[in-house]
2 protein chains.
Amino acid sequence: MALGEAEADLAIINGSVVNVYNSEIEKASVLIKGERIAYVGNDTARSIGAKTKVIDAAGKTLVPGFIDGHTHIDGPYSISGILSYAIAGGTTTIVTEVSDVGSVLGYEGIVQFLASIKDQPAKVFVVVPPLVTLSPVTEEHAITVPQLRRLLRRKNVLGLGEVYWGDVVNGQRRALDLIAETVRQGKKVEGHSAGATGKKLQAYVSSGVSSCHEPISAEEVKERIKLGLFILIREGAVRRELEAISQIKDDDNAISRLAISTDGVTPEQLISDGYMEFVVQKAINLGFEPIRAIQMATVNVARYFAMDDDIGGIAPGKYADIAVIPNLKTIKAEYVISNGRLVSQNGQVLIPPREHRYPRSLWNTVHLARDFTADDFAIPVEGHRLKVRLIDQVTNLVTREEFVDMPATDGQLKADVGQDILKVAAIESSYGTGQSFVGLIRGLGLKRGAMATTDVWDCGDIIAVGADETDMARAVNRTRELGGGSVVCAGGRIVAELALPVAGEISTEPMETIAEKFRRIQEAVTELGGSSPNFGLTLAVLPSPAIPFLRICESGLFNLRENSFVDLIVG
Amino acid sequence: MALGEAEADLAIINGSVVNVYNSEIEKASVLIKGERIAYVGNDTARSIGAKTKVIDAAGKTLVPGFIDGHTHIDGPYSISGILSYAIAGGTTTIVTEVSDVGSVLGYEGIVQFLASIKDQPAKVFVVVPPLVTLSPVTEEHAITVPQLRRLLRRKNVLGLGEVYWGDVVNGQRRALDLIAETVRQGKKVEGHSAGATGKKLQAYVSSGVSSCHEPISAEEVKERIKLGLFILIREGAVRRELEAISQIKDDDNAISRLAISTDGVTPEQLISDGYMEFVVQKAINLGFEPIRAIQMATVNVARYFAMDDDIGGIAPGKYADIAVIPNLKTIKAEYVISNGRLVSQNGQVLIPPREHRYPRSLWNTVHLARDFTADDFAIPVEGHRLKVRLIDQVTNLVTREEFVDMPATDGQLKADVGQDILKVAAIESSYGTGQSFVGLIRGLGLKRGAMATTDVWDCGDIIAVGADETDMARAVNRTRELGGGSVVCAGGRIVAELALPVAGEISTEPMETIAEKFRRIQEAVTELGGSSPNFGLTLAVLPSPAIPFLRICESGLFNLRENSFVDLIVG
């Protein structure tokens, strides 16, 4: 075709083409045959014929389709929901974790997620979640080395998902085995080295980790680049680091080992800001050279994942994944081409993502034998005054442990709204064991009511907190009725809810509906006194070994510094 | 280990460590456990114990072991022969073509070569030769798609070897199928785009080619980088391009997509100059920043081949492949560590490469049914004067076609030493077909005698040239007696020879002996009037489709411009 012996299927003519390989911009036309680019240049006369669809990009700029190299799209939206926003904004490739669905359904959940990303108008690749968990129940259902080996054989599986550094440095056997297997297969091991430094960081990296998306400062970036890690700067739902890291915006050497990624976006962010186009625009606004910002969202990611023969640049032989934008500093996709097809124009999706029919096994994964009652949230104790270990909420993510003296009432420990001490429960709901644990948490602010959710990190539990045990029970029971979801109750009444009936993590409703329901949940919790700006996230991370340092699961309280379960009653 | 909870096996202390990731140099010690690096830094006290072997590198510089990303080591030396020179000079990884052995033995030859590189003190990886050939006989035994698929499954097979651009652009079906299969497997397709430009180059690249080692100027490098290709600059036996390409020594953007490689080295070069250390030193001498020269021979190659999680830098988790050199500008290995072991010191090999026992099937691959006689080199013709197409040798590699009027003598065309017209024969010797072809060649200079060799490119033929048919027969018969090799005859006497009894390509003699025999062959040919500075190479490339433009094989003369066989007698 490049020889002019055949006609192009699609031609994008007269635009300015951003070349991520030589960092230059060239006035040129792009000829596309099938899914791939055949030619980039100005000698196109004989290749544009009657059957060629032509897009006139005069005055506009062509950039490679964006790649999100680290994110979580296995909820709360469906695959078609997120992909619609992705392609509308110019993102044509996503590399995602599957830790949410994986925590609930293990290997089967990952396999089913892989089915959902097939035959979509954008490329989705997966890293296999190691499912490192504090929960002994979830651990029993976590991914095994033979399961990982099977998954790594798939072309759309790029490696092992984020492995928290603490587990590796503590010598968690399964985590080390999964890493070793991935290294053996020559695939990527995604890192998660939040806060690690010096010898501990080196010990972590020496296990075989290839990347990290956790640096929050230029210094942390530099320490990791020096160790050979590839860095994905995070700008999304959980944290935003671009501004702090923009200090190194002129360090081309560092930038060649950097990507920008989302680490997950909320429905609300998708609607108000968009997806990767927002991150690229923000990098430019923060002073990164536009070409560098684009490279960090395209070729650098492709190269890191060893996919740069296929994607990441506009050149012959690459997949025709292209966004046409007004100019280099305005990241707003007017046309989006993915796999050689015009999939979106001016924000309107022309080729809608396939709505995946999630199989029966993914629905209604809340396995509780019976309804809960207020009594299920009692903490029976002996004695009148006790020294109690409670979870002290320091930020909306981080906790520490605190010891307080509490009185027993009717042989029980009660929530104490005056001291901002609430009940917190972790209820194993994915594997039917019926195990649960009730503790105490300080700093969440609720004056009344309760919230429960199946949308939690790193285990298959429901997390519930409340000022009132009856509301906690009502909320838990309602998540069960919904087949999964997040529920706020007050005065025995449901005041806000979002059903997540697929794996307890995914809603199949429209993005606007999901966002609105999230908004109402947050509004309702705030009205009940909740102080976290993202109360759902605060609950979600309570069982996660990723965040310091006193956590909870169905088997009790876990102190990450001591790497062991610890008692609620200490004296 | 990095945590200081175990002792290092090997510690290289007090040196200056070149960090290819941040382009900086740090005074640090390197701790090694098993095959890999555990720690790089200065907090080593608790990790160096009684069982730790310590190398004091005070005042010296540590660089990653060099990687040759494009070469040919499947002859004329044995695998242990070349690897001894490699490790002595600081090269710890080689990516090689297997086209020489492959041409003679096809799939079986490649499998046997893969056996030879196992369990060696340096890493050797292979790209599968497509064995694109002009010879219909060799083509019948060339690699098939199912064979390629089997080979690509191996971890030490990185992709498809160099595919000449002409064949791709001409639509050679098997070449295109092999490329498509390699792209499907996500592995690399090594390019060979000598002289291609513009639309033809883009058509070639769009087939799926990932790299090129053929650019001979900065302009050619730039045109290829723009198309997304990775460039391996060649500095070795066939050509030397570093000087010309050193024009871009300050273009960091281009350099990030460049490697330096040998494309093959002769025994004489190994002995006099060394291996990759010579290429790196030359780049530095030509003005490349030393750190860039080192990156072009280490991390850049590793990244291109998607091996940079394992090799290419000195960092925790990477294989401990390290050369200790006097300083950044003096590339002379004082210690070489490969896979964590000290393999060489001051040029002395401490862990000798394994001498591979080549199996019976690789020996004596010259399959000629009988001895040749002078009559076998006759060119019988009808008529008295004929218009003849002869091969006109323009440089020692390039040929063109020339038409001359020649008289017939006794019903034959004879060599005409006065006009510098010799006989040239291509004799199929690998597959037992007994096919051969005799033509005429001008410009080789021989006044008497003959030379024959099994050491030829891209087909399984013997090539013989001579001023005398009896000497040609004697030379061919002697190569048969040797089981393969290169032989010079004059006056019915063998005046110089090198046996290549393994696959007709490999000598198992010491490197010095091979070099000396090559020297004597060249000396002998020169004495007979031979004008090529490397007469053996001139014969070797005569059947190659890689070099313009009138070539020869057992089936006749082949005109590359017309992409077809052409007649010897044209009128």
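Below or above, wherever it landed, is the structure these notes cover. Just so you know, these numbers come straight off a predicted model, no measurement behind them.

This part is about the sheet that holds strand S30 (residues 564–566) of chain B. All names here are of chain B. Spatially, three strands are ordered S28-S29-S30 in an open sheet, and the strand pairing comes out antiparallel. Sheet topology places strand S28 (550–553) and S30 at the edges, where each strand pairs with a single neighbour. Pairwise comparison of adjacent strand axes, ignoring direction, gives a mean angle of 45° for this sheet.

Overlaying chain A with chain B gives an RMSD of 0.1 Å, the required rotation being 180° about an axis along which the chain moves by 0.0 Å. Taken together, the rotation and translation relating the two chain copies correspond to the operation of a two-fold axis. Distance from the rotation axis, computed per C-alpha, reaches its smallest value in chain A at A:Ala306: 2.8 Å.

Bringing the side chain of B:Glu190 into the picture now. Residue and element names in this part refer to chain B. Looking at where Glu190 falls in the secondary structure, it is placed in strand S10 (residues 188–192). For Glu190, which is buried and forms no salt bridge, the nearest opposite charge comes from Lys188, at a distance of 7.1 Å. A distance of 3.2 Å separates the side chain of Glu190 from the side chain of Ser211, its partner in a polar contact.

On to unusual backbone geometry, then. Of note, the amide linkage connecting A:Gly75 to A:Pro76 takes the cis form, showing an omega dihedral of 0°. Looking at the secondary structure, you find A:Pro76 in the loop between strand S6 (66–72) and helix H1 (79–89). Within the chain, A:Asn563 stands out as a residue other than glycine whose phi angle is a positive 55°. Inspection of the secondary structure assignment puts A:Asn563 in the loop between strand S29 (556–559) and strand S30 (564–566). With relative accessibility at 38%, the residue A:Asn563 sits in the partly exposed group. Here the phi dihedral of B:Asp458 falls at roughly 65°; this positive angle occurs in a residue that is not glycine. Among the structural elements, B:Asp458 can be located in the loop between strand S24 (450–453) and strand S25 (461–466).

Turning our attention to the environment of B:Arg149. Residues and elements named next belong to chain B. Mapped onto the elements, Arg149 comes out in helix H4 (residues 145–152). Taking C-alpha positions, Arg149 is 9.9 Å from Arg184, a pair spaced 35 residues apart along the chain. Other than its neighbours up to four places away in sequence, Arg149 contacts Glu181 and Gln185. A polar side-chain atom of Arg149 sits 3.0 Å from a polar atom in the side chain of Glu181.

Right, let's talk about the packing of aromatic side chains for a bit. Residue and element names in this part refer to chain A. Per the stated rule, a full pass over the model turns up eight aromatic pairs over all chains. Between Tyr304 and Phe305, the aromatic rings sit 4.6 Å apart at their centres with planes inclined by 65°, giving edge-to-face as the arrangement. With a relative accessible area of 6%, Tyr304 lands in the buried category. Residue classification places Phe305 among the buried residues on the basis of a relative accessible area of 6%. Ring plane angle 85° and centroid distance 5.0 Å describe the contact between Phe558 and Phe565, whose orientation is recorded as edge-to-face. Note on Phe558: relative accessible area 8%, which makes it buried.

Each partner contributes residues to the interface: chain A has 44 residues there, and chain B has 44 residues. Between chain A and chain B, roughly 3700 Å² of surface is buried when both sides are summed, and carbon and sulfur atoms account for 47% of that area. Among the residues chain A hides against chain B, the three largest losses belong to A:Lys199, A:Gln202 and A:Lys226. Together they make up 18% of the total. In this structure, A:Lys226 and B:Glu26 form a salt bridge, with 2.7 Å as the shortest nitrogen-oxygen distance.

Counting along an α-helix, one turn takes 3.6 residues, and residues three or four places apart therefore face a common direction. Residues and elements named next belong to chain B. Between the first and last C-alpha of helix H15 (residues 469–482) there are 20 Å, a value that for 14 residues agrees with the 20 Å anticipated at 1.5 Å per step. Of the residues making up H15, those classed as buried are Glu469, Asp471, Met472, Ala473, Ala475, Val476, Asn477, Thr479 and Leu482. Here H15 starts with a cap whose side-chain oxygen sits 2.8 Å from the backbone nitrogen of Thr470, and that cap is Asp468. Gly483 occupies a position one or two residues after H15 and carries a positive phi of about 75°.

A word on the packing of helix H2 (residues 99–116) of chain B against H4(B). Residue and element names in this part refer to chain B. With their axes 11 Å apart at the nearest point, H2 and H4 run at an angle of 10° to one another. Viewed along their axes, H2 and H4 adopt a mutual orientation that is roughly parallel. Contact residues: Tyr107, Ile110, Val111 and Leu114 in H2; Gln147, Arg150 and Leu151 in H4. Tallied by class, residues from the contact of H2 with H4 come to five nonpolar, one polar and one charged.

The next subject is the nonpolar core. By size, the foremost hydrophobic cluster in this structure holds 304 residues, and its most contacted members are A:Ile260 and B:Ile260. By residue number, the principal contributor to this core is H2(B), which donates eight residues. If we skip the residues at most four places from it in the chain, A:Ile260 touches A:Ile67, A:Ile233, A:Leu242, A:Met276, A:Val279, A:Val280, A:Ala283, A:Ala293, A:Met296 and A:Ala297.

Conventions used here
- Residues numbered from 1 in each chain as written.
- Chains lettered and ligands numbered in written order.
- Predicted model: local features only at pLDDT ≥ 70, side-chain atom pairs only at ≥ 80, totals over all residues.
- Heavy atoms only, no water.
- Pairing = 2+ DSSP bridges.
- Helix = DSSP H or I, 4+ residues; strand = E, 2+ residues; numbered from the N terminus.
- Axes fitted to C-alpha atoms, helices over the stretch in contact; angles between N-to-C directions.
- Least-squares fit on C-alpha atoms with pLDDT ≥ 70 in both.
- Buried < 20%, exposed > 50% of the residue type's maximum accessible area, 1.4 Å probe, protein only.
- Lys, Arg positive; Asp, Glu negative; His and termini not counted.
- Salt bridge = Lys/Arg side-chain N within 4 Å of Asp/Glu carboxyl O.
- Polar contact = N/O pair within 3.5 Å; in protein donor to acceptor, adjacent residues only side chain to side chain.
- Contact = heavy atoms within 4.5 Å.
- Phe/Tyr/Trp six-rings, centres within 6.5 Å; stacked < 30°, edge-to-face > 60°.
- Buried area = accessible area lost by both parts, 1.4 Å probe.
- Expected span 1.5 Å × (residues − 1).
- Parallel < 35°, antiparallel > 145°, perpendicular 65-115°, else oblique.
- Nonpolar A, V, L, I, M, F, W, Y, C, P; charged D, E, K, R; others polar.
- Core = buried A, V, L, I, M, F, W, Y, C linked by side-chain atoms within 4.5 Å.

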